[in-house]
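Below, each chain spelled out in residue letters.
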Amino acid sequence: MPRNRATAAHLFVPRKTTRADRRSARAGYAEARTKARLATLPTVRREREGTDPELRPAYPVSGRPGLASARGGKLRLPQHRMTTAVAGGAYPFLAEAGLGAEGIFIGRDLHAEGSFCYDPFALYNGGRIEGFTNPNGILCGIIGMGKSALAKSIATRAIAHSYKIYVPSDPKGEWSGLAEALGGQTIALGPGLPGKLNPLDAPPRPDGVSEEDWTSEVRKRRLLLLASLAATVLKRDLLPMEHTGLDVALDLVVADAEATGTVPLLGDIAHALGRPERLDAALGEEAGGLGRAVDDLAHALRRLVHGDLSGMFDAPSTVVFDPSAPMLSIDLSRLGSSGDDTALVLAMTCASAWMESALADPAGGRRWVIYDEAWRIMRHVGLLERMQQQWKLSRGLGIANLLILHRLSDLLSAGDAGSRGRVLAEGLLADCSTRIIYRQEPDQIPAAMALLGLTGVEAQAIAALTRGRGLWKVASLSFIVQHLLHSREKQLYDTDFRMAA
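The rules behind each value
- Residues numbered from 1 in each chain as written.
- Predicted model: local features only at pLDDT ≥ 70, side-chain atom pairs only at ≥ 80, totals over all residues.
- Heavy atoms only, no water.
- Pairing = 2+ DSSP bridges.
- Helix = DSSP H or I, 4+ residues; strand = E, 2+ residues; numbered from the N terminus.
- Axes fitted to C-alpha atoms, helices over the stretch in contact; angles between N-to-C directions.
- Phe/Tyr/Trp six-rings, centres within 6.5 Å; stacked < 30°, edge-to-face > 60°.
- Buried < 20%, exposed > 50% of the residue type's maximum accessible area, 1.4 Å probe, protein only.
- Lys NZ or Arg CZ within 6 Å of the ring centre and 35° of its normal.
- 1 Å grid on protein atoms, 1.4 Å probe; cavity = no way out; pocket = protein on both sides within 12 Å on 5 of 7 lines; lining within 4 Å.
- Points joined across faces, edges and corners; volume = space filled by probe spheres on them.
- Nonpolar A, V, L, I, M, F, W, Y, C, P; charged D, E, K, R; others polar.
- Salt bridge = Lys/Arg side-chain N within 4 Å of Asp/Glu carboxyl O.
- Patch = residues over 30% accessible without salt bridge, like charges linked within 9 Å, V, L, I, M, F, W, Y side chains within 5 Å.
- Areas by Shrake-Rupley, 256 points an atom, 1.4 Å probe, with all protein chains shown as cover.
- Lys, Arg positive; Asp, Glu negative; His and termini not counted.
- Charge placed at Lys NZ, Arg CZ, Asp CG, Glu CD.

Trainee: Just to check I follow, could you spell out the sheet that holds strand β11 (residues 477–483) for this structure?
Mentor: Remark on secondary structure: sheet strands pair via backbone hydrogen bonds, oriented parallel or antiparallel. With respect to topology, 11 strands assemble into an open sheet ordered β2-β1-β11-β10-β9-β3-β8-β7-β4-β6-β5, the strand pairing being mixed. If you trace the sheet from one side to the other, it starts and ends with β2 (114–118) and β5 (185–188), each paired once. For this sheet, the mean angle separating the axes of adjacent strands, direction not counted, is 25°.

Trainee: Can you help me understand the packing of aromatic side chains in this one?
Mentor: All chains considered together, the criterion is met by five aromatic pairs. For the pair phenylalanine 116 and tryptophan 472, a centre-to-centre distance of 5.1 Å together with 65° between the ring planes defines the contact as edge-to-face. Of this pair, phenylalanine 116 sits in strand β2 while tryptophan 472 sits in strand β10 (residues 469–474), and the two are 356 residues apart along the sequence. The interplanar angle of 65° and the centroid separation of 5.4 Å between the aromatic rings of tyrosine 118 and tryptophan 472 together place this pair among those described as edge-to-face. Here tyrosine 118 is found in strand β2, whereas its partner tryptophan 472 is found in strand β10, with 354 residues between them in sequence. We note that tyrosine 118, like tryptophan 472, is buried. Following the ring pairs from residue to residue traces out a cluster consisting of Phe116, Tyr118, Trp472 and Phe479. Seen from the ring of tryptophan 175, lysine 152 lies directly overhead, with NZ or CZ sitting 5.9 Å from the centre.

Trainee: Just to check I follow, could you spell out empty space enclosed by the protein for this structure?
Mentor: Left-over empty space is what a probe sized like a water molecule reveals as it rolls over the atoms. All chains considered together, the criterion is met by two cavities of 30 Å³ or more. Looking at the largest cavity, its volume works out to about 60 Å³. Considering the residues around the largest cavity, the lining is formed by Tyr118, Pro135, Asn136, Gly137, Ile138, Ile154, Trp368, Asn401, Leu402, Thr434, Ile436 and Trp472. Breaking the lining of the largest cavity down by element, the ones donating at least two residues are β3 (137–140), β8 (399–405) and β9 (434–437). The class makeup of the residues in the lining of the largest cavity is eight nonpolar, four polar and no charged.

Trainee: I'm lost on the pattern of salt bridges in this one. Help?
Mentor: Applying the stated criterion across every chain yields a total of 17 salt bridges. In this structure, glutamate 373 and lysine 172 form a salt bridge, with 3.0 Å as the shortest nitrogen-oxygen distance. Here glutamate 373 is found in the loop between β7 (367–371) and α14 (381–392), whereas its partner lysine 172 is found in the loop between β4 (164–170) and α6 (176–181), with 201 residues between them in sequence. The network of salt bridges with shared partners includes Lys152, Lys172, Glu174 and Glu373.

Trainee: What am I meant to see in a positive patch on the surface here?
Mentor: Where like charges cluster on the molecular surface, the positive patch consists of Arg19, Arg22, Arg23 and Arg26. Turning to its location among the elements, arginine 19 is positioned in helix α1 (residues 19–39). On the accessibility criterion, arginine 19 (61% relative accessible area) is exposed.

So this is what it looks like as structure tokens:
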């Protein structure tokens with residue numbers, strides 16, 4: 001029998017494949033199947049399939065590999081502990097709880113994305129904010145950023161909360177239309193205007209004050225006013241004998257006015273000072289040549305009634321101060337346009353004397369006193385002293401003072417370092433628990449940081465604020481607030497109408 005021989009077929013079966021080869025074959029098959037499926041789809045749909053190469057993640061879903069990965073507890077950071085005060089300074093706009101919903105609506109808190117309301121009286125009485133010790137405030141910002149609109153908005157909305165508004169200084173006449181629209185009173189002073197203001201008018205006697213005590217108080221106020229007016233015109237402090245001359249002349253003029261049933265006038269004081277024999281006779285043996293020692297004083301007061309400042313304070317008052325009016329504005333736009341602020345300062349001094357009588361009334365209610373364009377006031381120590389008295393007594397008088405400036409460096413223009421004016425100006429700032437800063441020019445940022453103690457974050461913020469947006473520092477709290485206006489308010493507060501015309 002023939003022997004069987006092995007033969008080879010044309011088919012060859014390889015040995016068993018490895019697991020890696022099988023995995024690669026399955027992947028190739030899946031990829032081929034996906035390509036075949038995509039080839040049958042429309043062109044537009046095919047273009048949308050897959051992942052954009054620019055959007056592919058840098059690391060896989062499981063995270064960044066290696067020792068730098070934050071997975072598995074491999075990242076270790078040292079602990080750092082700080083007080084809440086330090087944390088608030090480092091992150092001033094992240095954890096503020098707001099001022100609450102009580103008070104005047106201002107606008108929107110940009111960081112909290114909520115409404116921002118403000119009422120200094122409520123904040124002071126509530127005692128919720130540490131360091132809020134008084135209701136006074138300061139508002140500063142460059143021209144065109146909306147600080148005047150904010151001040152007028154506060155005044156308008158405060159009236160809705162039963163507050164009264166006093167504006168003793170309106171150098172541009174911008175508050176007159178607003179006062180008339182709100183049913184208030186405007187007193188315009190200036191050469192050629194019918195308005196007259198007698199600074200020696202006696203205010204009404206408050207309830208609960210005896211006639212004798214009130215007579216003594218009125219005499220003291222008149223002496224202080226006369227001394228302030230004379231010092232402003234003379235541009236120096238009064239000498240001791242000049243103070244005595246004012247004292248004697250005032251008593252003589254008041255006695256004559258009571259005998260004739262009239263009111264004492266500045267012209268009568270100037271006339272009495274110009275008669276040295278009468279002053280010496282009234283003082284008796286203690287005169288010591290008083291009559292001739294007050295010649296400069298007599299000529300200074302004569303300027304108010306016969307010189308270039310005549311026409312405003314040399315006759316009985318033609319207007320009556322109405323403390324019940326919702327708003328009172330003293331329009332001084334006719335004064336000080338020539339560069340000499342003497343008339344403006346005199347008018348403000350007389351107006352302040354009027355308002356002090358209303359502010360001292362315990363039944364007068366809560367009031368806002370707004371000093372617009374206060375940079376002109378900073379140069380006169382007499383006015384700063386009057387303002388300091390109102391700032392210090394704000395809680396007892398029930399008033400909130402608001403000082404409006406263009407730059408915080410205007411406070412430094414009150415005088416040289418260490419001078420009386422500089423100390424008074426910086427004292428006003430120190431007695432303001434609320435500081436509202438609108439945009440400042442870059443060269444003003446260092447002065448703002450030094451005067452207000454701003455953090456670096458706050459300094460960067462005020463350099464980039466837009467129109468109507470300001471940094472509110474209420475005691476130790478900080479807010480960025482966008483002021484919101486109604487369309488009717490925009491018409492009332494418009495200060496650019498001449499530019500538009």
